[in-house]
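Remarks on the overall topology
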Amino acid sequence: MKSKPRTPFLRATVTGLTPGRARPLALALSCVLLTACASVGPDYREPPPVDVGSGWSLPLASESQSADLSQWWSALDDPILDRLMAMALAQNLDLRQAAARIDEARALRDRVADEALPTAAAGASVNRRRQSENGPLPVGSIPGLDATQTIYDAGFDAAWEADLFGAKRRALEGASARLQATEAEAQGVRMRVVAEVARTWFTAVGARYELHAQQATLDTLQQTLELVRLRHALGDASAADVEAAYAQWTAVNALIPDIQARQRAAILSLGVLLGAPPERELALLDGPLTPSTLRALPVGERAEMLRRRPDVLAAERHLAASSADIGVATAELFPKLSIGVGGGFQALSTGDWFDASSSRFSILPLISWRLFDGGRVRAEIRAREAAERQAALAYEQAVLAALGDAERALGDYHGGLDTLERRGMALDAARTSYGHAKARYAAGDIALVELLAAQRSLHEAETAAARAHTNAAVQLVALYKALGGGWDVSTTASTATHPLRGAAAPVAFSSR
């Protein structure tokens, strides 16, 4: 009497069920699995709203103007800076590493996408073997069955796991969101490189003009010292006057090497930022340098700034990935259905290898279910939910940190412009005073010492104005960086809706 074939695709068994009762249960379970199509876990729509206030804390006339900051340095009309930026964006090693990280994240995303497709493998083998004649199977006593055999085998195997509860779809959502986060982080690297090139260049230019002003001051002090020494020789000045004049000269003279070293260090840093040896741009030390014209800029609205900040965009994408991870973990609570198919030819001689009678074929549907592992699965779900809460808080923190950076940078730059304006007024006053002193000296109303003192005051005002200009330029760079300037938001718009990556959710903010 032949035994009834057993259902081959149930890995988990429940005690107490007879084969007659198990068969209807397996059939019903298979129907449920085959009709399941919804993805488990939360559906990510948008990040939690964050209160960003009603506007900037400083009154700005340009707040309502849209700010295009993708290539903000081009508005400064500095051809040398334009050249440095182009070279840095093409050759900077940090940017090239960021591009490699994007390639890595894209490959990982593609691997996850391919996991939803069937897998297939083909192979062929020739196996020469000898079985023991004294073993459990007496091959030597069976007519026609030799102990030594050559088995020729060729075939294929294929397998596919049905994504019944959306685990693979959720995994693809997470991988796509992480790819988008990596792209946003790469734009953040670009923004930082742009800011660092501009800051370093402005530091070099400012050091050059500060050096010129200090050297002019030093020349004036040298003339003063020679004059006081002459008057001391004539008995019109004391030795203390000579020592005081010499002390002033040595104090300014001691500042020159530090300024020269600062300018050289900035130029050497530019070479590294360009992905080249440090001495690449040393020729700039001897070339003409022109300070950039600084002005107020349109900053746009707060929400616009936040949508442009790469760190905020990356934090939002990490939140989306964490939400998808919950679905991946939740899917482990449910059964999995996979189907394996195999086929090929097997024979003991090459002449019969591909004969129809040598063909073989198998199909194996399999349902697996972690029946007694629910505690660990639920613990993993709780861990993923906690990770999502962390990502939500990190997103909120990124938004608030961006607001703080922008507000501080905006205040610093406006303060820097105010300082620069006042230093300009002081420089104009020093120039006027020096003009009067020259006229009075030419008329014989004042001595040369007084003329040199007015000239020294003028050079000191020039030095202070040069420093104020450098500080304001560096603060301008910090403001552009805080506003998310230095990259084009539209360049990633097409990648946000890629079919494999999924649609990027909008960044949500709220106003008081």
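If you're wondering where the values come from, they're calculated on a predicted model, not measured in any experiment.

**So, the overall build of the protein**
- Of regular secondary structure, the protein possesses 10 helices and six strands.
- Buried positions account for 40% of the 512 residues belonging to the protein.
- Counting every atom, the protein has about 27,800 Å² of accessible surface; 56% of that belongs to carbon and sulfur.

**A look at helix 4 (residues 167–233)**
- Under the 1.5 Å per step criterion, the end-to-end length of helix 4 is 96 Å for 67 residues, consistent within 8% with the ideal 99 Å.
- At the C-terminal side of helix 4, G235 shows a positive phi close to 85°.

**Topic: a nonpolar patch on the surface**
- A contiguous nonpolar surface patch, about 410 Å² in accessible area, is contributed by W160, I339, F361 and I363.
- Tracing the chain through its elements places F361 in strand 5 (residues 359–368).

**Describing the environment of L225**
- For L225, the position within the fold is in helix 4.
- For L225 and D241, which are 16 residues apart along the polypeptide, the C-alpha to C-alpha distance reads 9.1 Å.
- What L225 contacts, discounting residues up to four positions off in sequence, is V242, A245 and Y246.

**Here we look at the environment of A409**
- Along the chain, A409 falls in helix 9 (residues 374–442).
- Owing to a relative accessible area of 7%, A409 belongs among the buried residues under this scheme.
- Separated by 70 residues in sequence, A409 and L479 place their C-alpha atoms 4.8 Å apart.

**Describing the confidence of the model for the protein**
- Model confidence for the protein is summarised by a mean pLDDT of 83, while 84% of its residues fall at 70 or above.
- This stretch, residues 1–29, has a pLDDT under 50; its non-local contacts, to residues over four places away or in other chains, come to 15 contacts.
- This model gives residues 493–512 a pLDDT under 50, and the stretch forms 65 contacts once residues within four places in sequence are excluded.

**Some remarks on the pattern of salt bridges**
- In total, this model carries 26 salt bridges according to the counting rule given.
- Between E183 and R106 there is a salt bridge, with its nearest N and O atoms 3.5 Å apart. Taken together, the residues span a long stretch of sequence, with E183 in helix 4 and R106 in helix 3 (residues 93–114) at a distance of 77 residues.
- Between E316 and R317 there is a salt bridge, with the nearest N and O atoms lying 2.8 Å from each other.
- Exposure remark for E316: the relative accessible area of 2% places this residue in the buried category.
- Salt bridges sharing partners connect three or more residues here, namely E332, K336, R370, D373 and R376.

**Comments concerning the sheet that holds strand 3 (residues 148–162)**
- Read from one edge to the other, the open sheet built from four strands follows the order 2-3-4-5, with strand pairing classed as antiparallel. The outermost strands of the open sheet, each flanked by one partner alone, are strand 2 (119–130) and strand 5. Taking the axes of each pair of neighbouring strands and ignoring which way they run, one obtains an average angle of 20° across the sheet.
- Pairing of strand 3 with strand 4 (residues 336–347), which is carried by 11 bridges, proceeds in the antiparallel orientation. Bridging across to strand 4, G155 finds its partner in G344.

**Some thoughts on the pairing of strand 3**
- Where strand 2 lies against strand 3, 12 bridges are found, and the strand directions are antiparallel. Bridge assignment links T119 to a residue of strand 3, and that residue is A159.

**Thoughts on helix 10 (residues 448–482)**
- Between its first and last C-alpha atoms helix 10 spans 51 Å; for 35 residues at 1.5 Å apiece the expected length is 51 Å, and the two agree.
- Once helix 10 finishes, G484 follows within two positions and takes phi at roughly 85°, a positive value.

**Focus: the packing of helix 9 against helix 10**
- Contact geometry for helix 9 and helix 10: axes closest at 8 Å, N-to-C directions at 165°. With respect to helix 10, the element helix 9 is oriented roughly antiparallel. When the axes of helix 9 and helix 10 are compared, the crossing they make is left-handed.
- Of the residues contributing to the contact of helix 9 with helix 10, the split by class is 24 nonpolar, six polar and six charged.

**Some points on the nonpolar core**
- Counting 60 residues, the largest nonpolar core has V197, W201, L297 and L483 as its most contacted members.
- For this core, the element with the most residues is helix 4, which contributes 12 residues.
- If near-sequence neighbours (up to four positions away) are discounted, V197 is found in contact with L81, L84, M85, A88, L270 and L273.
- Residues L427, A437, I446 and L451 belong to the second largest nonpolar core, which totals 10 residues.

**Let's talk about the side chain of T330**
- Within the secondary structure, T330 is located in helix 8 (residues 310–330).
- T330 gets classed as buried once you look at its relative accessible area, which sits at 14%.
- Side-chain polar atoms of T330 contact the backbone oxygen of I326, separated by 2.7 Å.

**Considering the side chain of T463**
- Following the sequence through the fold, T463 ends up in helix 10.
- Classification of T463 as buried rests on a relative accessible area of 4%.
- If we ignore the near neighbours within four places in the chain, the residues touching T463 are E210, A213, Q214 and T217.

**Quick notes on the packing of helix 4 against helix 8**
- Relative to each other, helix 4 and helix 8 sit at 165°, their axes nearing to 8 Å. Taken together, the axes of helix 4 and helix 8 lie roughly antiparallel to each other. The handedness of the crossing between helix 4 and helix 8 comes out as left-handed.
- When the residues that make up the contact of helix 4 with helix 8 are grouped by side-chain class, the tally is 13 nonpolar, six polar and six charged.

Rules used throughout
Counting starts from 1 at the beginning of each chain's written sequence and moves along it residue by residue. Confidence filtering applies because this is a predicted model: local features only for residues at pLDDT of at least 70, side-chain atom pairs given and counted only at 80 or more, and all residues used for totals across whole chains, interfaces and linings. Excluding hydrogens and water, the side-chain values take into account all heavy atoms of the structure. Helix numbering and strand numbering both begin at the N terminus, where a helix is a DSSP run of H or I of at least 4 residues and a strand a DSSP run of E of at least 2. Relative accessibility decides the category of a residue: with a 1.4 Å probe and only protein chains considered, values under 20% of the type maximum give buried, values over 50% give exposed, and everything between is partly exposed. Note on areas: Shrake-Rupley with a 1.4 Å probe; residue coverage comes only from the protein chains shown. In this analysis, the expected span of each helix is defined as 1.5 Å times one less than the number of residues it contains. Distance thresholds for patches are 9 Å for like charges and 5 Å for nonpolar side chains (Val, Leu, Ile, Met, Phe, Trp, Tyr), applied to residues having over 30% relative accessible area and no salt bridge. In the sections that follow, a salt bridge refers to a side-chain nitrogen of Lys or Arg positioned within 4 Å of a carboxyl oxygen of Asp or Glu. Only heavy atoms matter for contacts: two residues are in contact if any of them lie within 4.5 Å across the pair. A residue's pLDDT is the confidence the predictor assigns to it, expressed on a 0 to 100 scale. Each pair of strands is called paired provided DSSP finds at least two bridges between the two strands. Helix axes are fitted only over the stretch in contact, all axes being lines through C-alpha atoms; the angle between N-to-C directions runs from 0 to 180 degrees. Under this scheme an angle from 65 to 115 degrees is roughly perpendicular, one under 35 degrees roughly parallel, and one over 145 degrees roughly antiparallel; angles in between are oblique. Crossing handedness: left-handed means the near helix sits turned counterclockwise from the far one by under a right angle, and right-handed means the same turn made clockwise. Residue classes follow a fixed rule: Ala, Val, Leu, Ile, Met, Phe, Trp, Tyr, Cys and Pro count as nonpolar, while Asp, Glu, Lys and Arg count as charged, and any other residue, Gly among them, counts as polar. To form a nonpolar core, buried Ala, Val, Leu, Ile, Met, Phe, Trp, Tyr and Cys residues must be joined to one another through side-chain atoms within 4.5 Å. Polar contacts here mean pairs of N or O atoms no more than 3.5 Å apart (in protein, one a potential hydrogen donor and the other a potential acceptor; neighbouring residues in sequence count only if both atoms are side-chain atoms).

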